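Analysis of the macromolecular model
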Amino acid sequence: MSHAIYLPETKFQVALRTATKLLTLIARQGENKMTNYKPETKLAQLGNRSDKVTGAIATPIHLSTTFSHPAFKESTGYDYTRTASPTRDILEQGLAELEEGKRAVVTSSGMAAIQLVLNHFPNNSKFLASRDLYGGSFRYFDYLETQGIATFSYFSDEESFLELINDEIDAIFLETPTNPLMNVMDIEWVTDKAKKHGALLIVDNTFLTPLRQKPLTLGADIVIHSGTKYLSGHNDILAGVVVTNDEELGEKLYWISNTTGPTLSSFDCWLFIRSLKTLPLRFAQQEKNAKKIVEVLKKSEKIKDVLYVGVGAMISFRVQDEKKIGDFLSKLKLVTFAESLGGIETLVTYPTTQTHADIPEKVRESYGLTPDLLRLSVGIENVDDIACDLLQALEESV
Ligand SMILES: *Cc1c(COP(=O)(O)O)cnc(C)c1O
């Protein structure tokens, strides 16, 4: 029934725009199809050959919010920037290919991407979500629940998932690995259960990026990202990504985005494209550094526990004495105490008072998000410098 407003009103417009845009794209990029290249190649080349007029290698930033029509009832494929922008198109195509999806929609933040996806579901939909979850996602789900818009139940492992899944569930929202406890669930396993009960599977793939995990190829229906994190990777833009391999769902998500307007600006799209070109290099260095830091932390007697999934560059650890955490953070000289993750600078976060502060203390502690836990996002600096800084701060405090 939510389709009643969606389809009849815009079917013609959507068809017309899709057709003209397709023709423009075929004319522009036909001979340069990038489908057979490896991700590193596709990303390094993203946007190259897109401007036939000037041959610009760096993608032009189209700041114009509106586009002139060649004639009555004609369009260049671009009318108004909320609907489509040439710069955003290149970014969305690149991201869709990277996740092996058919359609990507970029948004102004990761939370806007999550909101866009949940907007697809009618009121009173029922969701199953990972218990350990980015604090902002929990806050949003909790808000929807208190507003009487949707209901959520939370699973922490396969066992609790099986207890909660049933035919009433409309969608599953999965983080794997989870933030910050690094719990992992097998996406194919979850897909299998979701399909049996007719639920859609949404995966937040922020932590591993499509370089290490492609949920759509494992059966997920929708992938979301905080593009603010690894994908853009320089702590200088806020962005979100939604990708799906279902054409119809992709068209609907795009329609919602055009209707509600969580659009990413052309300037930020350009910066995102530029950042994506070095994603494989950045991620490889961050991951290599993280593996060494895990070894260093494991040897420290000031640390109780190191949580690392063996892939990626996110590490969480528990210190022996949580009362000295403030002291430890103030003794760091290189590693920066800040929110966020995935950027080239190494950051340390204290989830209890920062990213996860909005999850009630009792709930947090019930699933292991205890006040002795710190989260580390390893950057691209020389790993010895990162290790020395962490060790000196640990030595002098915790
Ligand atoms: C940061 C983050 C988000 C939210 O993204 P924003 O870009 O900050 O809005 C969602 N999920 C995960 C796993 C995150 O780390």
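Residues numbered from 1 in each chain as written. Predicted model: local features only at pLDDT ≥ 70, side-chain atom pairs only at ≥ 80, totals over all residues. Heavy atoms only, no water.

**Some thoughts on the site of the ligand**
Taken together, 14 residues surround the ligand, and among them Met111, Asp204, Ser226, Thr228 and Lys229 come closest. Take methionine 111: an N or O atom from its main chain is 2.9 Å from an oxygen atom of the ligand. Contacts to the ligand include lysine 229, whose side-chain N or O atom sits 2.7 Å from an oxygen atom. For the ligand, whose accessible area on its own is 380 Å², the fraction buried by protein is 93%. When the residues that make up the shell around the ligand are grouped by side-chain class, the tally is five nonpolar, six polar and three charged. (Near = heavy atom within 4 Å. Polar contact = N/O pair within 3.5 Å; in protein donor to acceptor, adjacent residues only side chain to side chain. Areas by Shrake-Rupley, 256 points an atom, 1.4 Å probe, with all protein chains shown as cover. Nonpolar A, V, L, I, M, F, W, Y, C, P; charged D, E, K, R; others polar.)

**Describing the pattern of salt bridges**
For the structure on display, the rule yields 13 salt bridges. Note that glutamate 97 and lysine 42 form a salt bridge whose closest N and O atoms lie 3.0 Å from each other. Of this pair, glutamate 97 sits in helix H3 (residues 86-98) while lysine 42 sits in helix H2 (residues 39-44), and the two are 55 residues apart along the sequence. Residues joined in a network through salt bridges with shared partners are Lys304, Asp305, Arg318 and Asp372. (Salt bridge = Lys/Arg side-chain N within 4 Å of Asp/Glu carboxyl O. Helix = DSSP H or I, 4+ residues; strand = E, 2+ residues; numbered from the N terminus.)

**Here we look at empty space enclosed by the protein**
Taken as a whole and assessed by the stated rule, the structure comprises one cavity of 30 Å³ or more. Taken together, twelve residues make up the lining of the largest cavity; nearest its centre are Arg82, Thr83, Arg88, Glu92 and Tyr254. Those elements that place two or more of their residues in the lining of the largest cavity are H3, strand S1 (103-107) and helix H9 (247-260). Sort the elements by how many residues they give to the lining of the largest cavity and H3 lands first, with three residues. When the residues that make up the lining of the largest cavity are grouped by side-chain class, the tally is four nonpolar, three polar and five charged. (1 Å grid on protein atoms, 1.4 Å probe; cavity = no way out; pocket = protein on both sides within 12 Å on 5 of 7 lines; lining within 4 Å. Points joined across faces, edges and corners; volume = space filled by probe spheres on them.)

**Comments concerning the side chain of threonine 352**
Relative to the assigned elements, threonine 352 resides in the loop between strand S11 (347-349) and helix H13 (361-366). Residues contacting threonine 352, with those up to four places away along its chain left out, are Ala357, Arg364, Leu369, Thr370 and Pro371. (Contact = heavy atoms within 4.5 Å.)

**Some remarks on the sheet that holds strand S8 (residues 303-307)**
Strands sit in the order S8-S9-S12-S11-S10 across an open sheet of five strands; the sheet is mixed. Strands at the two margins of the open sheet, each flanked by one partner only, are S8 and strand S10 (336-337). Looking at chain direction, S10 and S11 are connected through two bridges and run parallel. The residue bridging threonine 336 from the neighbouring strand is leucine 347, located in S11. This element, helix H11 (residues 279-299), spans S8, strand S9 (314-319) and strand S12 (373-377) of the sheet and lies at about 10 degrees to S9. (Pairing = 2+ DSSP bridges. Axes fitted to C-alpha atoms, helices over the stretch in contact; angles between N-to-C directions.)

**Quick word on the UniProt feature "modified residue: N6-(pyridoxal phosphate)lysine" (unreviewed entry) in the protein**
Those places that UniProt annotates as "modified residue: N6-(pyridoxal phosphate)lysine" (unreviewed entry) correspond, in this numbering, to Lys229. Mapped onto the secondary structure, lysine 229 falls in the loop between strand S6 (222-226) and strand S7 (240-244). On the basis of relative accessibility, which here comes to 11%, the residue lysine 229 falls in the buried class. Contact partners of lysine 229, with chain neighbours within four places excluded, come to Thr206, Ser340, Leu341 and Gly342. (UniProt positions renumbered as here; feature names shortened; annotations may be inferred. Buried < 20%, exposed > 50% of the residue type's maximum accessible area, 1.4 Å probe, protein only.)

**Observations concerning unusual backbone geometry**
Look at the link from threonine 176 to proline 177: it is a cis peptide, with omega at -5 degrees. Here proline 177 shows up in the loop between strand S4 (171-175) and helix H7 (187-196). One non-glycine residue with positive phi stands out, namely lysine 73, at about 65 degrees. Here lysine 73 is to be found in the loop between H2 and H3. The exposure class of lysine 73 is exposed, given its relative accessible area of 71%.

**Examining a negative patch on the surface**
On the surface, Asp157, Glu158, Glu159, Glu163, Asp186 and Glu188 cluster together into a patch of negative charge. If you tally residues by element for the negative patch, the top one is helix H6 (residues 158-164), at three residues. (Patch = residues over 30% accessible without salt bridge, like charges linked within 9 Å, V, L, I, M, F, W, Y side chains within 5 Å. Lys, Arg positive; Asp, Glu negative; His and termini not counted. Charge placed at Lys NZ, Arg CZ, Asp CG, Glu CD.)

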